[in-house]
Amino acid sequence: MVVHVALTGATGFLGLRLLRRLLAVHRSMTVLVHAGSGDALHRITRFFELTGASEAFTAGLPGRLRVVETELERPRLGLSGRVFQDLADGIGAIWHSAGSINLEGELPELRRTNVEGTRHVLELAAAGRGRPVVHHVSTAFVAGGRREGVAYEDELDDAYGFENAYEHSKFEAERLIHAWSLEHARPVVVLRPSILVTDLPPHPELPSHPLQVVERIVRDARRGPAAGRQDRDGRPRVRLQGHPHGRLNLIQVDHAADVMVRLAGRTPSGGVDTYHVVHDRDVPVATVVTLLERLVRVSVELVTEEPEDPSPMESLLRCYPGLTAYLAHRRRFDDTRVRTLLGPSAASDRVDLEYLRSGLAAPDRVPAGPPAMPATDLPSARYS
């Protein structure tokens, strides 16, 4: 049976990889893009050109992709009643990957995109004749402010609070998913990736990933007012609150997209099936610190409490608590369900210092340094 797939967020960092993987399975697709965001088909085509697709493949994209401009924040996705109904009747599966990833955004603003946007995608799923399965891309960070212990796939609890409004909005979207599935007796697949990264060098025509945002913030702070103290090499010295044995879960975006599409090929249970799409080995926070020190030419000291006498640079970085809070995390994300279903193929290649540096620095400006530290078992707003 031919299933026609609709995908939101197809021009985003993850969405482009999902699109590539889905096009390997489906002859044609509908991509729901943000109204007024520019030529989506051109941006999609450029991604495939820049990542090695053949000319024959890119030339065939206009015939394989139907582009529909939508507004997630509005009922019926901002479409007329007739267009909305025709769209709903023509799809057999929905992938919802669009949203705002602004870690410093306010909750009301993030709710409009991440919660109400999800509500309107579910409205689309409920309106069609085909009862399409919904695949909702969430985040492992709905675990919120729990900084230690284990976060399990079936947990959805706000007892620990949240590090930022982004986490809170994604939590609320998942709660909405559960209520909708129960009300309509419909299956939903919830996919929770951790921090998505790539070793593909930055390019102005490609979407950035989360660590690029972090690097940009530190680089901008370094260019600001006098940084205060310096180390022996004359580098600005910055104290950041964090845990010396902290760890972060970083997973290659291409591998994450592959795992997600393979999980979607399983027969859903009929309720909400939730999967942690995470790396099997965490990256020490110390590795991320070393990465920033080499790229931005700063000296970072992790401290247990915020300095009482912050330098101008430290004061600027305090304006981004939604980012710096993760330097104190030591928790682990359990992915037993994914590993049980996919076996060894669920495991990722290593994410180490060299891998991360390749994805943050253009080849002609990668600074020299000592050998890469291995990843061990320790770990901007965009609407697309």
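In case you missed it, the structure is sitting above this.
This one's a predicted model, so the numbers in the text were calculated from it and none came from an experiment.

A look at the sheet that holds strand β5 (residues 133-137)
Right, on to step 1. Strand order in the open sheet formed by 7 strands is β3-β2-β1-β4-β5-β7-β12, and the pairing between neighbours is parallel. With partners counted over all chains shown, the strands left at the sheet margins are β3 (65-70) and β12 (272-277), one partner each. Pairwise comparison of adjacent strand axes, ignoring direction, gives a mean angle of 20° for this sheet.
Right, on to step 2. In this sheet, β12 lies alongside strand β7 (residues 188-193) in parallel orientation, the contact comprising 6 bridges. Bridge pairing in β12 places Leu191 opposite Tyr275.
Right, on to step 3. Strands β1 (5-8), β2 (29-34), β4 (93-96) and β5 of the sheet are contacted by helix α6 (residues 107-127), whose axis makes an angle of about 175° with β4.

Structural notes on the packing of helix α1 (residues 13-23) against helix α9 (residues 253-264)
Right, on to step 1. The contact between α1 and α9 brings their axes to 9 Å, and the two run at 50°. Compared by their axis directions, α1 and α9 come out oblique. Seen along the crossing, α1 lies across α9 with a hand that is right-handed. Packed against α1, whose contacting residues are Phe13, Leu14, Arg17, Leu18, Arg20, Arg21 and Leu22, the element α9 presents Val253, Asp254, Ala257, Asp258, Met260, Val261 and Arg262 at the interface.
Right, on to step 2. Looking at the contact of α1 with α9, its residues break down into 8 nonpolar, no polar and 6 charged.

Quick word on the pattern of salt bridges
Right, on to step 1. This model, assessed by the stated rule, comprises 22 salt bridges.
Right, on to step 2. The salt bridge involving Asp254 is made with Arg17; its shortest N-O contact spans 3.6 Å. Remark: Arg17 occurs in helix α1 and Asp254 occurs in helix α9; sequence separation between them is 237 residues.
Right, on to step 3. Accessibility expressed as a relative area gives 36% for Asp254, which makes it partly exposed.
Right, on to step 4. Here Asp335 and Arg339 are joined by a salt bridge, their closest N and O atoms 2.8 Å apart.
Right, on to step 5. Judged by its relative accessible area of 8%, Asp335 is buried.
Right, on to step 6. Ionic contacts of the salt-bridge type, sharing partners, join the residues Arg17, Arg20 and Asp254 into one network.

Notes on helix α10 (residues 285-296)
Right, on to step 1. With 12 residues, α10 extends 16 Å between its outermost C-alpha atoms, agreeing within 8% with the 16 Å of an ideal straight helix rising 1.5 Å per residue.
Right, on to step 2. Within α10, burial applies to Val285, Thr287, Val288, Val289, Thr290, Leu291, Leu292, Glu293, Arg294, Leu295 and Val296.
Right, on to step 3. Buried positions along α10 lie against α8 (210-222), β10 (247-248), β13 (283-284), β14 (299-303) and α14 (353-358).
Right, on to step 4. Phi turns positive, to about 60°, at Arg297, one or two residues after α10.

Some points on the packing of α6 against helix α7 (residues 165-184)
Right, on to step 1. For the pair α6 and α7, the least separation of the axes is 9 Å and the interaxial angle reads 20°. As far as their axial angle goes, α7 and α6 are roughly parallel. As for how α6 packs across α7, the hand of that crossing is right-handed. The segment α6 lies against α7, with Leu107, Leu110, Arg111, Asn114, Val115, Thr118, Arg119, Leu122, Ala125 and Ala126 engaging Ala165, Tyr166, His168, Ser169, Lys170, Glu172, Ala173, Leu176, Ile177, Trp180 and His184.
Right, on to step 2. Taken together, the residues that form the contact of α6 with α7 break down as 12 nonpolar, 5 polar and 4 charged.

A short note on the nonpolar core
A general tendency of soluble globular proteins is for nonpolar side chains to be buried together.
Right, on to step 1. Residues Val197, Leu250 and Leu356 are the most contacted members of the largest nonpolar core, which totals 43 residues.
Right, on to step 2. If you list the elements that add at least two residues to this core, you get α6, α7, β8 (195-197), α8, β9 (237-241), α10, α11 (312-317) and α14.
Right, on to step 3. Setting aside residues no more than four positions away along its own chain, Val197 makes contact with Phe13, His209, Leu211, Leu250, Ile251, Gln252, Val253, Val351, Tyr355 and Leu356.
Right, on to step 4. Ala256, Ala257, Val259 and Tyr275 belong to the second-largest nonpolar core, a separate cluster that totals 39 residues.

Here's the deal with the packing of aromatic side chains
The relation between two aromatic rings is expressed through the spacing of the ring centres and the mutual angle of the planes.
Right, on to step 1. Taken as a whole and assessed by the stated rule, the structure comprises 5 aromatic pairs.
Right, on to step 2. Summarising the aromatic geometry, the rings of Phe47 and Phe48 are spaced 5.3 Å apart at their centres and angled 70° between planes, so their arrangement reads as edge-to-face. Phe48 matches Phe47 in its accessibility class, with the two residues each being buried.
Right, on to step 3. Members of the aromatic cluster, joined through ring pairs, are Phe47, Phe48 and Phe57.

What counts and how
Residues numbered from 1 in each chain as written. Predicted model: local features only at pLDDT ≥ 70, side-chain atom pairs only at ≥ 80, totals over all residues. Heavy atoms only, no water. Pairing = 2+ DSSP bridges. Helix = DSSP H or I, 4+ residues; strand = E, 2+ residues; numbered from the N terminus. Axes fitted to C-alpha atoms, helices over the stretch in contact; angles between N-to-C directions. Contact = heavy atoms within 4.5 Å. Parallel < 35°, antiparallel > 145°, perpendicular 65-115°, else oblique. Left-handed = near helix turned anticlockwise from the far one by under 90°. Nonpolar A, V, L, I, M, F, W, Y, C, P; charged D, E, K, R; others polar. Salt bridge = Lys/Arg side-chain N within 4 Å of Asp/Glu carboxyl O. Buried < 20%, exposed > 50% of the residue type's maximum accessible area, 1.4 Å probe, protein only. Expected span 1.5 Å × (residues − 1). Core = buried A, V, L, I, M, F, W, Y, C linked by side-chain atoms within 4.5 Å. Phe/Tyr/Trp six-rings, centres within 6.5 Å; stacked < 30°, edge-to-face > 60°.

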